[in-house]
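Architecture and fold: a report
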Amino acid sequence: MKPIGKVLCVAVLIAGLIDFFWKDPFNPESLSGARVLLTGASAGIGEQMAYHYARFGAEIVLTARREAVLQKVMEKCLTLGAKKIFYIPADMSSPSEPEKVVQFAVQKLGGLDYLVLNHIGLTRFQMWAGDVEYTRWLMQVNFFSYVSLATAALPTLEKNTGSLVVVSSLTGKVPTPFTTSYSATKFALDGFFTSLRHELIMQKRNVSVTLCILGLIDTETALENTRGKVYLTASPAAGAALAIIQGGATRAQEIFYPWWLQPVCCLWVLFPYSRNQVLQSYYNYSSP
Ligand SMILES: NC(=O)c1ccc[n+]([C@@H]2O[C@H](COP(=O)([O-])OP(=O)(O)OC[C@H]3O[C@@H](n4cnc5c(N)ncnc54)[C@H](OP(=O)(O)O)[C@@H]3O)[C@@H](O)[C@H]2O)c1
C-alpha cells in the first residue's frame, strides 16, 4: 500500500474510533418543558432558535421590536410543538425595556431556565467615520441591554439552576476591519460575561454562562452587510442556532460555530506578528 493510502486508513480508523466512543452530552429531552426567554427572535439566528426550541417542546417567550413578525414566528412555533409561547415587543435601545421583558417572561412562564441573549442593533459594515453617537447607541443595544436582562433574570435562573446564553462573534475575539463599533460591543460582552461566570462559580451560584462565538452566518442582514466586502463562505443559520442551543443545554462555557473558529482564535493569540497581512487578504477594500 502507498504511504498516502496508509495515512488515509489511519485517519479513517481514528475517525471511526472517535465516532464510536464519542458520547454527545446533549439530551434533547432536557429541553421539553424548559422555560426560555429568547431575544432577537423575529429574524435570522434568533428565529431559527425559536423553531428549534419549539421542536424540542420548550415553553418560550419571544422578543424583538416588530410585533407582526413576532406573531408569525409564534404561530409557526405552535405548529412545530412549542408547549407554551408568548411574545413581547420591545426596543432594547430603551434602558427601561430589559427589566419589563424579564418580568413579563417570569410572569407568563412562572420562572426561567434559559435566558438567550441574541439581538443586535443595526450594524454598519464600513470604515470608521467618526460617529461616536452611533457607537454609544450600539453599546446600549448590544451590550448594556444584555447586562440589564441578565441582571434582572439572575434570581430566577439561580432558583432553577438555569443558564445564561450570550451570542457573540469572532469579532469579539479577533478585531476585523469594518467592524469597529460592533466589535467593541462583542469584546465588552466577552469581558463582562466571562468575569461574571468566574464570580458565579466562586460564589457557588449554579447558573451557567455560555458564550457563543459565531463566524459569518447566512442571515439576510449579515449577507447584505458583507456582500462584495468579504471573501468568506457563510455557514447556515439553522446550524448556528442548534449549536447555540446545545451549548446552553450542556452548560458549555464557550462554543464556536463553525468549529474551526476555535483553532483560529488560538492561532491569533499565538502569532501576533502576521495578523494584518492574513486578515486583510479576506477583505476587499479599494481606496475612494
Ligand atoms: N449573522 C452573522 O454572520 C453573525 C456572525 C457572528 C455573530 N452573529 C451574532 O448572532 C446574533 C444574531 O445575528 P443575526 O444575523 O441573526 O441578526 P439579524 O438577522 O439582524 O436579527 C437581529 C434580531 O435583533 C432584533 N433587533 C434589532 N434591533 C433591535 C432592538 N433595537 N431592540 C430589540 N431587538 C432588536 C431584530 O428584530 P426587530 O427588527 O424585529 O427588532 C432581529 O430579531 C447577533 O448577536 C450577532 O452578533 C451573527
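The paragraphs below set out a description of the structure included in this document.

Procedures and definitions
- Residues numbered from 1 in each chain as written.
- Predicted model: local features only at pLDDT ≥ 70, side-chain atom pairs only at ≥ 80, totals over all residues.
- Pairing = 2+ DSSP bridges.
- Helix = DSSP H or I, 4+ residues; strand = E, 2+ residues; numbered from the N terminus.
- Axes fitted to C-alpha atoms, helices over the stretch in contact; angles between N-to-C directions.
- Contact = placed C-beta atoms within 7 Å.
- Near = placed C-beta within 6 Å.
- Nonpolar A, V, L, I, M, F, W, Y, C, P; charged D, E, K, R; others polar.
- Left-handed = near helix turned anticlockwise from the far one by under 90°.
- Expected span 1.5 Å × (residues − 1).
- Buried ≥ 20, exposed ≤ 12 C-beta atoms within 10 Å, placed from the backbone.

**Focus: the sheet that holds strand β7 (residues 254–257)**
- With parallel pairing, the seven strands of this open sheet are ordered in space as β3-β2-β1-β4-β5-β6-β7. Two strands bound the open sheet, and with one partner strand each, they are β3 (84–89) and β7. Ignoring which end each strand starts from, the neighbouring axes of this sheet average 15° apart.
- Two strands pair when backbone bridges link them, and strand β1 (residues 35–39) and strand β2 (residues 59–64) are joined in this way by five bridges, in the parallel orientation. For Arg 35, the partnering residue across the bridge sits in β2 and is Glu 59.
- Helix α2 (residues 44–55) rests against β1, β2, β4 (114–117) and β5 (163–169) of the sheet, and its axis sits at about 165° to β1.

**Section: the site of the ligand**
- The environment of the ligand is formed by 27 residues, the closest being Gly 40, Gly 44, Arg 65, Arg 66 and Ala 222.
- For the shell around the ligand, the secondary structure elements donating two or more residues are α2, β5 and α7 (220–226).
- Counting residues per element, the shell around the ligand draws most heavily on α2, which supplies three residues.
- A breakdown of the residues in the shell around the ligand according to their chemical character gives 13 nonpolar, 11 polar and three charged.

**Let's talk about the packing of helix α4 (residues 97–109) against helix α5 (residues 132–159)**
- Taken N-terminus to C-terminus, the directions of α4 and α5 make an angle of 30°; their axes are 8 Å apart at the nearest point. Our pair here, α4 against α5, has a crossing hand that is right-handed. Facing α4, whose interface residues are Pro 98, Glu 99, Val 101, Val 102 and Val 106, α5 presents Ser 145, Ser 148, Leu 149, Ala 152, Ala 153 and Thr 156.
- A per-class count over the contact of α4 with α5 returns seven nonpolar, three polar and one charged.

**Remarks on unusual backbone geometry**
- Going from Tyr 257 to Pro 258, the amide bond is cis rather than trans, its omega being -5°.
- In this structure, Lys 204 is a non-glycine residue whose phi angle is positive, near 55°.
- On the secondary structure map, Lys 204 appears in the loop between α6 (180–202) and β6 (208–214).

**What to know about α6**
- The first and last C-alpha atoms of α6 sit 33 Å apart over 23 residues, in line with the 33 Å expected at 1.5 Å per residue.
- Of the positions making up α6, those classed as buried are Tyr 182, Thr 185, Lys 186, Leu 189 and Phe 193.
- Looking one or two residues beyond α6, the residue adopting positive phi is Lys 204, at roughly 55°.

These values are about where atoms sit, not about what they do.
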